[in-house]
Amino acid sequence: LPRAGFAAPAGSVRLAMTRSHGIRKIPVAIGDRAPILADLDLGHGGAFMLAEPDWKAEPELDGLPHARTRAGGVGGLSDKRYATLPSVTVAGQKFERVPALLNEIATDLPTAGANIGIDLLQRFRLAIDFTGDALYLTPVARALAQPLPKDRLGMRFELAGDRLKIVYVSPDGPAAKAGWKAGDLVTAI
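Keep in mind it's a predicted model, so treat the numbers as computed, not measured. Every chain is numbered on its own, with residues counted from 1 as its sequence reads. Note on the predicted model: pLDDT of at least 70 is required for a residue's local features to be given, and 80 or more for side-chain atom pairs to be given and counted; whole-chain, interface and lining totals, by contrast, use all residues. With hydrogens and water stripped out, all remaining heavy atoms of the structure feed into the side-chain values.

### A closer look at the overall build of the protein chain
Selection criterion: Numbered from the N terminus, helices here are DSSP runs of H or I no shorter than four residues, and strands are runs of E no shorter than two. By definition, residues are in contact when any of their heavy atoms lie within 4.5 Å. With residues, only the protein chains shown are counted as cover, and all accessible areas are computed by Shrake-Rupley using a 1.4 Å probe. Charge counting treats Lys and Arg as positive and Asp and Glu as negative, with His and both chain ends excluded. Just so you know, the charge point we use is NZ for Lys, CZ for Arg, CG for Asp and CD for Glu.
A tally of helices and strands in the protein chain yields 5 helices and 14 strands. Seen through its principal axes, the protein chain has C-alpha atoms that stretch 60 × 40 × 35 Å. Intrachain contacts of the protein chain at a sequence separation of at least 6 include 53% that bridge at least 24 residues. For the protein chain, the accessible surface area stands at approximately 10400 Å², while carbon and sulfur atoms represent 55% of it. Within the protein chain, one finds 23 positive and 20 negative side-chain charges whose respective centroids are separated by 4 Å.

Shown next, in the form of structure tokens:
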């Protein structure tokens, strides 16, 4: 839409976006902490990712029960912790028990703050004003009521022809306990 005629959607919350190296960031809060900046990442298929310095500096976050995993994006896969944050607040909406990846390498993106992904963002209708550095989030009641999806399997697949090849098995997860190993192929379900 032309920016001149834009009107904020009814019921929306306006968040100012800041820019850093071409990445738009919005404020989010973990638990009762002061807001931090989170990369707005429509390509992140999960809910939340937290930079290594941000969780390691917080004893409560560092001490969260977790499983080891491998995840990533543009930079490739790297080791991470998979944990559940007590809560994350975005645009005034508090989400309880948020599944999150905690970077274990300080140079993994994001290197500071967090990354908010589609599992949280899809609970809103988004109107993005890139020129005006604003994000308008309109809560969607039925989406807010849906639980956040969690990885309860503990393994990662890649498509290999007509099969799924297991490329990673979390040593802490149910797949490892069931005997799955990297390199195994799923030929039928």
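### Side note on the pattern of salt bridges
As a reminder of what qualifies: Only one rule defines a salt bridge in this text: a Lys or Arg side-chain nitrogen within 4 Å of an Asp or Glu carboxyl oxygen. The buried label goes to any residue with under 20% of its type's maximum accessible area, the exposed label to any with over 50%, and the partly exposed label to all in between, with areas taken from a 1.4 Å probe on protein chains only.
One pass over the full model with this rule turns up 12 salt bridges. Close ionic contact of Arg-70 with Asp-79 constitutes a salt bridge, the shortest N to O distance being 3.0 Å. Taking the relative accessible area as the measure of exposure, Arg-70 reaches 29% and is therefore partly exposed. A residue is classified by how much of its surface remains accessible, and Asp-79, at 38% relative accessible area, is partly exposed. The partner of Arg-81 in a salt bridge is Glu-104, with the nearest N and O atoms 3.0 Å apart. Of this pair, Arg-81 sits in strand β7 (residues 76–90) while Glu-104 sits in the loop between β8 (93–103) and β9 (114–116), and the two are 23 residues apart along the sequence. The network of salt bridges with common partners includes Arg-19, Arg-24 and Asp-133.

### Re the sheet that holds strand β11 (residues 134–139)
Stated precisely, the cut-off is as follows: Between any two strands, pairing holds if DSSP finds at least two bridges. All axes here are fitted lines through C-alpha atoms, helices being fitted over the stretch that makes contact, and every angle between N-to-C directions spans 0 to 180 degrees.
Strand order in the open sheet formed by 3 strands is β1-β11-β10, and the pairing between neighbours is antiparallel. Each having just a single partner strand, β1 (13–16) and β10 (124–129) make up the two edges of the open sheet. Taken over all neighbouring pairs, the strand axes of this sheet differ in orientation by 25 degrees on average, direction set aside. Pairing between β10 and β11: 6 bridges, direction antiparallel.

### Let's talk about a nonpolar patch on the surface
Going by this rule: Each patch is assembled from residues with relative accessible area greater than 30% and no salt bridge, linking like charges that lie within 9 Å and nonpolar side chains (Val, Leu, Ile, Met, Phe, Trp, Tyr) that lie within 5 Å.
A contiguous nonpolar patch, built from Leu-42, Leu-126, Ile-128 and Phe-130 and spanning about 320 Å² of accessible area, is present on the exposed surface. Along the chain, the position of Leu-42 falls in the loop between β4 (36–40) and β5 (48–50). Judged by its relative accessible area of 47%, Leu-42 is partly exposed.

### Things to note about the side chain of Asp-108
The cut-off we apply is this: Whenever a nitrogen or oxygen atom comes within 3.5 Å of another N or O atom, the pair is scored as a polar contact, on the condition that within protein one atom can donate a hydrogen and the other can accept it, and that pairs from neighbouring residues in sequence are kept only if both atoms are in side chains.
Along the chain, Asp-108 turns up in the loop between β8 and β9. A polar side-chain atom of Asp-108 sits 2.4 Å from a polar atom in the side chain of Ser-78. If sequence neighbours within four positions are ignored, Asp-108 has contacts with Ser-78, Asp-79, Lys-80 and Asn-103.

### Points about the packing of aromatic side chains
Our working definition: Between rings of Phe, Tyr and Trp, where Trp is taken as its six-membered ring, a pair exists when centres lie within 6.5 Å; planes separated by under 30 degrees are stacked, by over 60 edge-to-face, and by other angles tilted.
One pass over the full model with this rule turns up 2 aromatic pairs. When the centroid spacing of 5.1 Å and the interplanar angle of 50 degrees are considered together, the rings of Phe-6 and Tyr-136 count as tilted. In this pair, Phe-6 sits in the segment before β1 while Tyr-136 sits in strand β11, placing the two residues 130 residues apart along the sequence. Pairing Phe-95 with Phe-124 gives two aromatic rings, centres 6.0 Å apart and planes at 75 degrees, and the pair type is edge-to-face. Separated by 29 residues along the polypeptide, Phe-95 in strand β8 and Phe-124 in strand β10 bring together distant segments of the chain. Residue Phe-95 shares its accessibility class with Phe-124, and that shared class is buried.

### Brief notes about the environment of Pro-139
Within the secondary structure layout, Pro-139 lies in strand β11. Accessibility expressed as a relative area gives 26% for Pro-139, which makes it partly exposed. Distance in space between the C-alpha atoms of Pro-139 and Leu-121 is 9.5 Å, their sequence separation being 18 residues. In this structure, Pro-139 is in contact with Gly-11, Gln-93, Arg-123, Phe-124 and Leu-144, ignoring residues within four places of it in sequence.

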